[in-house]
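Examination of the molecular architecture
Given next are the chains, with one letter for each unit.
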Amino acid sequence: MGRAPCSSQYAQPVCSRAQSPKHGERTTCPTAAPSTSSSSWHSRTPGSCSSCPLRSSWVGIYLAALLGNGLIITAIACHHRLHTPMDFFLFNLSLLDVTSISTTVPTSMANSLTDTTTISYSGCAAQVFWVVFLFGGEFSLLTVMAYDHYVAICRPLHYGTLLSSRACVQMAAAAWGSSFLNALLHTANTFSIPLCQGNAVGHFFCEIPHILKLSCSHSYLREVGVVVVSVSLLFGCFVFIVLSYVQIFTVVLRIPSEQGWHKAFSICLPHLAVVALFISTAGFAYLKPLSLSSLSLDVVVAVVYAVVPPAVNPLIYSLRNKELKDALRKVIAWTFFSSAKIAFALHH
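Everything quoted here is computed from the prediction, not taken from an experiment.

All right, on to the overall build of the chain then. A tally of regular secondary structure across the chain gives ten helices and two strands. Taken over 348 residues, the chain has a buried fraction of 46%. The long-range share in the chain, meaning contacts at least 24 apart out of those at least 6 apart in sequence, stands at 75%. Of the accessible surface of the chain, which amounts to about 17500 Å², a share of 68% is contributed by carbon and sulfur atoms.

Have a look at this one:
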């Protein structure tokens, strides 16, 4: 296949059985989708040209996400003052962020560097599973964190009882486990649907809505039913978060001291910012009107909700958390000191 020019950044995946298209031409497969793991699809990713500046920004955002979340994970794991329920959930959130951005971005960067457009059928299924699993887990964990903030501010005398170590582990396990089962159900259901529109996904990673566009008439209704159930559960989580913060701000407004206000807002504002960023970007991606749908817009929105939150979350949480900032400074200082000692030892 001829190499696409920079202006054509997002081509459609095409099935490997089709003949090579002419330069810049979209190709689709007239038969059903591949049914075995040996079949392959093709995708073209952002930054597919060596001269495109998007590639460097792609790498920069990914490295920033790895560095920021890696520092938070290390700081919480190594500093006993950060072994609180709130920091335990933040530790889990950073793990989810590192894994979620690593599900899509490395594949896109590898395809960009090698100018390849191929992804295997099993690789596409795996990508769908991990995307649904990790983003569902993140929203579940944000719901648990809202409960943690509610108890910390509205019921501080019961905080140690309601959020004991055992309770925290159980809530985190419930968030991970429910997301795993949800992702397993969606993946199995989506890839059991026959595809009659070829296998041109039209995206830089495999995503359920774009796969459903390729399904046979009415065959996608099973997955739509599963999606409706999942959306209902996510809406329930959203309502829980809203009601939690209604209670929190009702209590905060009664606090007479300015110091109490500052402490309450330093706990709540980072979480609210992360929730707002996650819901607004993902909500626009899946609920935008069909009249606004276009290939370029879909890709940009997907980048915003799949790549930006994992990169921005560490910055949001570290800005107003003094203990976390102090721990991060110690980790960074220790890292540079260790690197300097190793370099000095090698030099001598």
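Still to come is the rest of the account.
Time to look at the packing of aromatic side chains. Inspection of the entire model under this criterion finds ten aromatic pairs. Ring geometry for F235 against F238: centres 6.4 Å apart, planes inclined by 35 degrees, an arrangement best described as tilted. Taken as a pair, F235 and F238 lie in helix 7 (residues 221-252) at a separation of three residues, close to a single helical turn. Ring pairs connect the aromatic residues F129, W130, F133, W176 and F180, which therefore count as one cluster.

Below, the discussion takes up the packing of helix 2 (residues 85-114) against helix 3 (residues 121-154). Across the interface, helix 2 lies against helix 3 with an axial gap of 10 Å and an inter-helix angle of 160 degrees. Considered as vectors, helix 2 and helix 3 are oriented roughly antiparallel to each other. Crossing angle aside, the handedness with which helix 2 passes helix 3 is left-handed. When the residues that make up the contact of helix 2 with helix 3 are grouped by side-chain class, the tally is 14 nonpolar, nine polar and three charged.

Direction vectors running N to C along helix 2 and helix 5 (residues 165-190) enclose 25 degrees, while the axes themselves pass 10 Å from each other. What the angle tells us is that helix 2 and helix 5 run roughly parallel. Judged by the sense of rotation from one axis to the other, the crossing of helix 2 with helix 5 is right-handed. Of helix 5, the residues touching helix 2 (which contributes P85, F88, F89, N92 and L96) are C168, V169, M171, A172 and W176. Taken together, the residues of the contact of helix 2 with helix 5 sort by class into nine nonpolar, one polar and no charged.

With that out of the way, let us pick up the nonpolar core. Counting residues in hydrophobic clusters, the biggest one holds 71 residues, and the most contacted among them are F89, L142 and Y305. Only helix 1 (54-78), helix 2, helix 3, helix 5, helix 6 (208-212), helix 7, helix 8 (258-287) and helix 9 (295-319) provide two or more residues apiece to this core. Counting residues per element, this core draws most heavily on helix 3, which supplies 18 residues. Beyond its immediate sequence surroundings of up to four residues, L142 is in contact with L93, I241, H271, V274, V275, F278 and Y317.

We now examine the side chain of H271. Turning to its location among the elements, H271 is positioned in helix 8. Owing to a relative accessible area of 0%, H271 belongs among the buried residues under this scheme. A distance of 2.6 Å separates a polar atom in the side chain of H271 from a polar atom in the side chain of Y245. Setting aside residues no more than four positions away along its own chain, H271 makes contact with L142, M145, A146, H149, Y245 and Y317.

Definitions and cut-offs
Residues numbered from 1 in each chain as written. Predicted model: local features only at pLDDT ≥ 70, side-chain atom pairs only at ≥ 80, totals over all residues. Heavy atoms only, no water. Helix = DSSP H or I, 4+ residues; strand = E, 2+ residues; numbered from the N terminus. Buried < 20%, exposed > 50% of the residue type's maximum accessible area, 1.4 Å probe, protein only. Contact = heavy atoms within 4.5 Å. Areas by Shrake-Rupley, 256 points an atom, 1.4 Å probe, with all protein chains shown as cover. Phe/Tyr/Trp six-rings, centres within 6.5 Å; stacked < 30°, edge-to-face > 60°. Axes fitted to C-alpha atoms, helices over the stretch in contact; angles between N-to-C directions. Parallel < 35°, antiparallel > 145°, perpendicular 65-115°, else oblique. Left-handed = near helix turned anticlockwise from the far one by under 90°. Nonpolar A, V, L, I, M, F, W, Y, C, P; charged D, E, K, R; others polar. Core = buried A, V, L, I, M, F, W, Y, C linked by side-chain atoms within 4.5 Å. Polar contact = N/O pair within 3.5 Å; in protein donor to acceptor, adjacent residues only side chain to side chain.

These results come straight from atomic positions and should not be treated as a statement about function.
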